[in-house]
Structure formats: structure tokens, C-alpha cells
Amino acid sequence: MELILVTGTGTDAGKTYVAAQIATQCRGNGHRVGVYKPVASGCAEETDQQGHTQRLATDATELWQAAGNPKDIDWVCPQRFLAPLAPDLAARQEGSSVNEATLVDGAKRWIGHCDCLIIEGAGGLMSPISDRWLNLDFFRNLETEMQQHVSARSIVLVSENRLGVIHDVLSTLLVAKQNELPVQTVVLSNTTPHGALARQSNLTQLQDWMAKQGHHQANVLELGYGGDLPGSAIHAL
Ligand SMILES: Nc1ncnc2c1ncn2[C@@H]1O[C@H](COP(=O)(O)OP(=O)(O)OP(=O)(O)O)[C@@H](O)[C@H]1O
Ligand SMILES: C[C@H](N)[C@@H](CCCCCC(=O)O)NC(=O)O
Ligand SMILES: [Mg+2]
């Protein structure tokens, strides 16, 4: 099974947009795709006519649909909390906590059920995901736990294409490298139709600075507003 980890420089960076595109394209290439959002916060609550209440994680729904509705939404996102806060805090507000074993087991559950598992973290690489773990700790744990079943692993770093992105991408790449989580692809996503002047120069500036900082293994590309990831970016994963 191939593992694709989609992380970000922060929240609202475009991770779900990018992960959904990867899912759609992998599916189009004939692969069985699994998608996993280990924990979601900022969920909505909905009660149906029978009085059954369920929690809706928009990220999970989007990913699930892009993957062609494999399994069910609990496979995609087993832990869902209401407050729009980091998951550990959102859980605490409900008198609960994020279950770390479930974070990992939820990913392992997909083994044998897909050729490609796409995992979107919550927030950025250094955002908390549970009481003890940042997203990067979770990813490292997965590596160890799933090693025998994973034939290839790629890490995609998504950042909103705005002023400030150079700092955010370079610092995240550095932390990723220090934690043996080398990023293959950096995506600068235009999350709005129009943006700062820096949008025009961010791609070339980052190419330059990533080379100067020794991040030779990573490619950077810009994703236009409403645009599609090029097929070549998917093949490179
Ligand atoms: N290239 C793009 N074109 C159009 N809209 C985009 C693009 N990238 C992101 N968006 C939009 O920007 C918003 C934020 O993106 P997204 O939800 O993917 O961020 P995220 O990093 O997954 O956030 P979270 O931390 O909540 O998981 C969404 O409304 C999304 O549809
Ligand atoms: C509420 C957000 N959308 C997101 C959590 C973002 C936490 C960011 C914390 C931080 O880095 O300060 N939740 C999620 O992806 O399910
Ligand atoms: Mg998301």
C-alpha cells in the first residue's frame, strides 16, 4: 500500500482541497483509494427526523466523496469534536480526549482495503493532535506501526499562497527534515481568486530558497484558484 501524508503550514491552507484532488486522480488511475482524517474539530451536529444526532466533519465528507465513497464515514474520520480548536482542546471542552490508539488503529484499519491511503492531518505539522502528540508525532508513529505494509510513502506540504509563505514553508520543511519526514511536494494553493502581490513571486522565491536551504528532494508548485493538480505532480508522489 502507498501512503500519502498531506500536511500543512497551518489550518485553512488547502490540505483538504489538495488531498481530495490526489484522491480523485489516484482513483482515475485505477487505484483503490482510502482516505483518513484521524481526528476532526470544528464539526457540526445534525439531528435527523428520528432524533438521531450525528457529527459532520466537512473534511471527511469531501475526502470520502473524492475517493468514491469507500467504506463509511467512521472509517474516514473516527473521532469528531465540535469546537473549532486544536483537537486536544476541542475534546477537552466536551470532557473527553483524543484517543491516540484510535488515531493509529484507524489508519491501520485500511490495510488490505486500498492501494493508496491518503491521510490529512489536523492543522499544521506542528499543531497538536492529541494531549501528547503534534501532527508530526502522529505521522512518526504511523511510520513505525505501518512500516511492513507500506511500499512507498510521500509527504505533501500545503500552504496558502499569501505573503508570509516563505517563512512558513521553510520552517515547516526544516522541522519535517529534522523529524525524518522529508517532504516531496510543496503546494502553494490559491485559496481565493485574488491575493497579495507576493503571490506572483512566491513560487520562484521558494524554489530559490528551498535550494539554498538544502531541500533538494522537494518540488514546489502553485495551484491556481479552482485549479487541478497536474498529473505529473501525482506521478511524482
Ligand atoms: N486551489 C484552490 N482553489 C479554490 N479553493 C481552494 C483552493 N485551495 C483551497 N481552497 C479553499 O480554501 C478553503 C480552505 O481550504 P481547505 O479546507 O482545503 O484547508 P485545510 O488546510 O484543509 O483546512 P483545515 O485545517 O480546516 O483542515 C476551502 O474553502 C477550500 O475549498
Ligand atoms: C478547526 C480547524 N479546522 C482544525 C484544527 C486546527 C488547529 C490549529 C492549532 C494551531 O496550530 O494553533 N481542525 C481540523 O482540521 O479538523
Ligand atoms: Mg482540511
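Residues numbered from 1 in each chain as written. Chains lettered and ligands numbered in written order. Predicted model: local features only at pLDDT ≥ 70, side-chain atom pairs only at ≥ 80, totals over all residues. Heavy atoms only, no water.

S.K.: Teacher, can you tell me more about unusual backbone geometry here?
M.R.: Most of the time, phi is negative for any residue but glycine, and the peptide bond is trans. One non-glycine residue with positive phi stands out, namely D12, at about 60 degrees. The topology assignment puts D12 in the loop between strand 1 (2-8) and helix 1 (15-28). Judged by relative accessible area, which is 65%, D12 ranks as exposed. Unusually for a residue other than glycine, K71 sits at a positive phi of about 50 degrees. Tracing the chain through its elements places K71 in the loop between helix 2 (58-66) and helix 3 (73-76). K71 gets classed as partly exposed once you look at its relative accessible area, which sits at 41%. (Helix = DSSP H or I, 4+ residues; strand = E, 2+ residues; numbered from the N terminus. Buried < 20%, exposed > 50% of the residue type's maximum accessible area, 1.4 Å probe, protein only.)

S.K.: Would you take a moment to explain the site of ligand 1 for this structure?
M.R.: Not every one of the 18 residues close to ligand 1 is listed here, only the nearest: T11, K15, T16, S189 and G226. Between D12 and ligand 1, the recorded distance is 3.0 Å, taken from a backbone N or O atom to an oxygen atom. Residue K37 places a side-chain N or O atom 3.5 Å away from an oxygen atom belonging to ligand 1. Protein contacts shield 77% of the accessible area of ligand 1, which totals 620 Å² for the unbound molecule. Sort the elements by how many residues they give to the shell around ligand 1 and helix 1 lands first, with three residues. (Near = heavy atom within 4 Å. Polar contact = N/O pair within 3.5 Å; in protein donor to acceptor, adjacent residues only side chain to side chain. Areas by Shrake-Rupley, 256 points an atom, 1.4 Å probe, with all protein chains shown as cover.)

S.K.: I'm lost on the pairing of strand 4 (residues 53-56) in this one. Help?
M.R.: Side-chain positions along a regular strand alternate between the two faces of the sheet. Sheet analysis places strand 3 (residues 44-47) next to strand 4, joined by four bridges and oriented antiparallel. Following the sheet pairing, E45 is matched in strand 4 by R55. (Pairing = 2+ DSSP bridges.)

S.K.: Can you walk me through the site of ligand 2 in this structure?
M.R.: With respect to spatial proximity, the complete set of residues near ligand 2 consists of T11, K37, V39, A40, S41, L85, A86, A122, G123 and S127. Separating a nitrogen atom of ligand 2 from a side-chain N or O atom of S41 is a distance of 2.9 Å. Contacts to ligand 2 include S127, whose side-chain N or O atom sits 2.6 Å from an oxygen atom. When the free accessible area of ligand 2 is taken as 440 Å², the share hidden by the protein chains comes to 67%.

S.K.: Would you mind showing me how to read the side chain of K15 here?
M.R.: As for its placement among the helices and strands, K15 is situated in helix 1. At 3.1 Å, the side chain of K15 and the backbone oxygen of G123 are in polar contact. When near neighbours in sequence (up to four residues on either side) are disregarded, K15 contacts V6, T7, G8, G10, E120, G121, G123 and V158. (Contact = heavy atoms within 4.5 Å.)

S.K.: Help me out: how do you make sense of the UniProt feature "binding site: Mg(2+)" (unreviewed entry) in the protein chain in this one?
M.R.: The UniProt feature table records "binding site: Mg(2+)" (unreviewed entry) at T16, D59 and E120. For this annotated set, covering 105 residues, all C-alpha atoms fall within 8.8 Å of each other, a compact arrangement in space. Note on placement: T16 falls in helix 1. Those residues in contact with T16, other than ones at most four positions away along the chain, are D59, E62, L63 and E120. Examined against the element boundaries, E120 turns out to sit in strand 5 (residues 116-120). A residue is classified by how much of its surface remains accessible, and E120, at 2% relative accessible area, is buried. In contact with E120, not counting residues within four places along its chain, are V6, K15, T16, Y36, K37, P38, D59 and L63. Of note is the side chain of E120, whose polar atom sits 2.7 Å from the side chain of T16. (UniProt positions renumbered as here; feature names shortened; annotations may be inferred.)

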